Amino acid sequence: MRIDIENKILIPFMILIILSIFTLGIVSYWNGYQLLLKNEVENSFQNLKEMLFFADYIHKEVEARELTEEEGKRVVLDYYKRLGKENLVIFDGHNIVLNGFNEDEAEVRVMIEEAFNSNQQPLYVENYIFIYRRYDPWNWTLGYRLNKGIFSHEVLEGQKYVLLLAIISLIFSMQAAIFISHNISNPIRLLVDVCDKIAQGSFQEKIEIKRKDEIGMLANAFNNMLYRLQENRKKLMKITQLNEDILRNISTGIITTDQQGQILSINQAAKDFFTESGGKNINNNIKEKLLYQLSETINTSKNINHVHIFDNIQEGNKIYLDATTSLFKTDEGFISGAICNFNDISKRKKIENNMETLDRLTSVGQLAAGIAHEIRNPLAGMKTSIQVLKNRLCKEENDSNEKLFNGVLYEIDRINHLITDILDFAKPRIPKYEKTDLFKILNRALDLIKKTADENNIEINLVNHCSNPLVYVDKAQIEQVFLNIIKNALKAINREGELNININTHRGEKGCFVVVEFHDNGCGIEPQNLEKIFNPFFTTSPEGTGLGLSVVYELVNGNHGEVVVHSVVNVGTKFKVKFPMYGGDSNE
């Protein structure tokens, strides 16, 4: 059974008080008993002395021959009997002359003989004290026997008030002990209760003890400690909350593991990325690759930076992940695991690729412009000469010569058209911005391409989800963009396919955009070719020039737009062209 602090203090106090009072009572009783016994013994010796004095008086009369010795002894014995002294015995060496013990003479004789043999004065026999004196003239031995039990009763009777006082003192002492133990244990109990509440997470407690002794000082010190603990806890909670807010709101994904590679924590950005990437049917397991990089860091104790590339099958593009892993160390330098921070740099890679594409387009455009001018001048002279020769040589009816001249002129016109395309790509005219309805532009472009679509049994569906698809662009250039994209889609479908065109609005960080989406179910684009489709002269078609999408890219950028391509082989291709609603920067 568990004893509380109050009983632990009270029980020793009670034991000490009881022992003290009990010891005091025993000592007081013993001293009273010994004092009474000593007085009785001295009184007995005094009585014996007085009786011997009377015997001496009679003995002197016997010596004066006034009485015989027998008469003198009889007078003395009669005197002693008249005194009525109980427990008085007289022994003459052979017989018991007077027996006041009221016991058998044999027992009295044994006691007297024992006194003679021990020569002890007084003689303690069991519960009795035997006091004796010898009277040599008559060879008498006079003795008293005192019962010690009578003295115990007398001592108790005489000290009953002392015992009563001791009991009263014991009661008051116990009450005082209870009060003292409660006065000491109650603050300690308060401290224990407050500590239990603190252990349960309650830091708003306070000990109310208004005392000026050490316990009061202890309570004040405890309250000060508790106040500092509360302040430090608040600071720690603020720091912890700040760290949690940083980890939750930071755009960088963070993963921590222990030394065995087991995941300890994943922040919100990482969870969101894994959730989003899990829905995109990415072939490679992103989490496994990051955990493998973390295990390499733990095994080699080196920081590792690596850019992982994953194929996004659903959208037909690539995801670039920049991951850095390092050791997770404490302030003491102890390695407790590893930490990985990673970023989705797909947009940055796209911008970098766009910048590279623009650089290549600029360089190729400058080169193409120079070559086009150099070719166009002699080509014009060649065409003029051929036309003159045709007029001279074809006056007579000669079908073969005319066919040859017509073929040469056709090829010269074809080369001239190619040069025109090159010049349009290299040095497109400055856009003439005006408020433009993209839905109308699309309808005009579809009218131009309708015949080709019908001949190849290709269904074109145009859906407008935007109530007001107005932008500030160059109408002619955007119509050329739409025509080039639609022509490429029809070539990819070849025969009996479907092209869906949707117009939507999108609100992003940079404002509102009108998005035109071209989605065909054609052959798709190989992943290795997806990043090259905007390069000049890159084409997979034997009849193509490789300038159509390059012109699209240039014209869209020139009109403050953006073009994005997603493609899956044997599934289809999706072109997204978006322009700022109401012209974006051009609306200023």
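Residues numbered from 1 in each chain as written. Predicted model: local features only at pLDDT ≥ 70, side-chain atom pairs only at ≥ 80, totals over all residues. Heavy atoms only, no water.

1. Notes on the overall build of the chain
Here comes step 1: A tally of regular secondary structure across the chain gives 13 helices and 17 strands.
Here comes step 2: Each of the 588 residues in the chain was classed as buried or not, and the buried ones make up 35%.
Here comes step 3: If you take every contact in the chain between residues at least 6 apart in sequence, the share linking residues at least 24 apart comes to 62%. (Helix = DSSP H or I, 4+ residues; strand = E, 2+ residues; numbered from the N terminus. Buried < 20%, exposed > 50% of the residue type's maximum accessible area, 1.4 Å probe, protein only. Contact = heavy atoms within 4.5 Å.)

2. Overview of the sheet that holds strand β16 (residues 562–568)
Here comes step 1: Spatially, the five strands line up as an open sheet ordered β12-β14-β15-β17-β16, and their pairing is mixed. Whereas interior strands pair on both sides, the edge strands pair on one side only; in this sheet they are β12 (459–464) and β16. The sheet shows a mean angle of 20 degrees between the axes of neighbouring strands, taken without regard to direction.
Here comes step 2: Where β12 lies against strand β14 (residues 498–508), six bridges are found, and the strand directions are parallel. Looking at β14, one finds that E459 is bridged to E498. (Pairing = 2+ DSSP bridges. Axes fitted to C-alpha atoms, helices over the stretch in contact; angles between N-to-C directions.)

3. Things to note about the packing of helix α12 (residues 475–493) against helix α13 (residues 548–558)
Helices that pack against each other are described as a pair by the angle of their axes relative to one another and the distance between those axes.
Here comes step 1: The contact between α12 and α13 brings their axes to 9 Å, and the two run at 145 degrees. Judged by the twist between their axes, the crossing of α12 over α13 is left-handed. Facing Q477, Q480, V481, N484, I485 and N488 of α12, the residues of α13 in contact are G548, L549, V551, V552, L555 and V556.
Here comes step 2: Its residues assigned to classes, the contact of α12 with α13 shows seven nonpolar, five polar and no charged. (Left-handed = near helix turned anticlockwise from the far one by under 90°. Nonpolar A, V, L, I, M, F, W, Y, C, P; charged D, E, K, R; others polar.)

4. Description of the nonpolar core
Here comes step 1: Among the nonpolar cores identified, the biggest contains 42 residues, and F482, I486, F518 and F575 are the most heavily contacted of them.
Here comes step 2: Contributions of two or more residues to this core are made by α11 (438–455), β13 (470–473), α12, β14, β15 (511–520), α13, β16 and β17 (572–580).
Here comes step 3: Sort the elements by how many residues they give to this core and α12 lands first, with nine residues.
Here comes step 4: Counting residues in each nonpolar core, the second largest holds 25 residues, with Y135, L142, L146 and V155 among its members. (Core = buried A, V, L, I, M, F, W, Y, C linked by side-chain atoms within 4.5 Å.)

5. Focus on the confidence of the model for the chain
Here comes step 1: The predicted model of the chain has a mean per-residue pLDDT of 78, with 79% of residues at 70 or higher.
Here comes step 2: A low-confidence stretch, residues 583–588 stays under pLDDT 50, and its non-local contacts, those more than four residues away or across chains, total seven contacts. (pLDDT = per-residue confidence, 0-100.)

6. Focus: the packing of aromatic side chains
Here comes step 1: By the definition in use, this model includes six aromatic pairs.
Here comes step 2: Both rings, one in Y79 and one in Y80, keep their centres 6.1 Å apart while their planes meet at 50 degrees; by these two values the pair is tilted.
Here comes step 3: Judged by relative accessible area, Y79 falls into the partly exposed class, the value being 27%.
Here comes step 4: Relative accessible area serves as the criterion here: at 1%, Y80 is assigned to the buried category.
Here comes step 5: Note on F482 and F518: the rings are 5.6 Å apart at their centroids and 55 degrees apart in plane angle, and the pair reads as tilted. (Phe/Tyr/Trp six-rings, centres within 6.5 Å; stacked < 30°, edge-to-face > 60°.)

7. A look at the pairing of strand β6 (residues 253–258)
Here comes step 1: Of all six residues making up β6, six are buried, and the element is well covered by its neighbours.
Here comes step 2: The sheet contact formed by β6 and strand β10 (residues 335–344) spans six bridges and is antiparallel. Bridged to G253 within β10 is F342.
Here comes step 3: The hairpin turn running from β6 into strand β7 (residues 263–266), its antiparallel successor, is four residues long, and G261 in that turn takes a positive phi close to 85 degrees.

8. Here's the deal with the environment of L294
Here comes step 1: For L294, the position within the fold is in helix α8 (residues 286–300).
Here comes step 2: Its relative accessible area of 1% is what places L294 among the buried residues.
Here comes step 3: Dropping the residues within four chain positions of it, L294 is found in contact with I255, T257, T325, A338, I339 and C340.

9. Quick look at the side chain of S550
Here comes step 1: Relative to the helices and strands, S550 resides in helix α13.
Here comes step 2: Taking the relative accessible area as the measure of exposure, S550 reaches 0% and is therefore buried.
Here comes step 3: A polar contact is formed between the side chain of S550 and the backbone oxygen of F534, at a distance of 3.0 Å. (Polar contact = N/O pair within 3.5 Å; in protein donor to acceptor, adjacent residues only side chain to side chain.)

10. A closer look at the pattern of salt bridges
Here comes step 1: One pass over the structure, following the stated rule, counts five salt bridges.
Here comes step 2: Of the charged contacts, one joins K73 and E69 as a salt bridge, the two residues approaching to 3.5 Å between their closest N and O atoms. Of this pair, K73 and E69 both sit in helix α2 (residues 69–83), four residues apart, which is roughly one turn of the helix.
Here comes step 3: Between K578 and E562 there is a salt bridge whose closest N-O contact spans 3.8 Å. One end of the pair, K578, is in strand β17; the other, E562, is in strand β16, with 16 residues separating them in the sequence. (Salt bridge = Lys/Arg side-chain N within 4 Å of Asp/Glu carboxyl O.)

11. What to know about the packing of helix α5 (residues 160–199) against helix α6 (residues 214–249)
Here comes step 1: Viewed as axis vectors pointing N to C, α5 and α6 meet at an angle of 10 degrees, and their least axial separation amounts to 11 Å. Relative to α6, the element α5 lies roughly parallel. Mapping the contact onto sequence places N183, I184, P187, L191, V194, C195 and I198 in α5 and I215, L218, F222, L226 and L229 in α6.
Here comes step 2: Per-class residue counts for the contact of α5 with α6 are eleven nonpolar, one polar and no charged. (Parallel < 35°, antiparallel > 145°, perpendicular 65-115°, else oblique.)

12. Re unusual backbone geometry
Peptide bonds are mostly trans, and most non-glycine residues show a negative phi.
Here comes step 1: Even without being a glycine, N457 presents a positive backbone phi close to 55 degrees.
Here comes step 2: Secondary-structure assignment places N457 in the loop between α11 and β12.
Here comes step 3: Look at N457 and you get partly exposed, because its relative accessible area is 49%.

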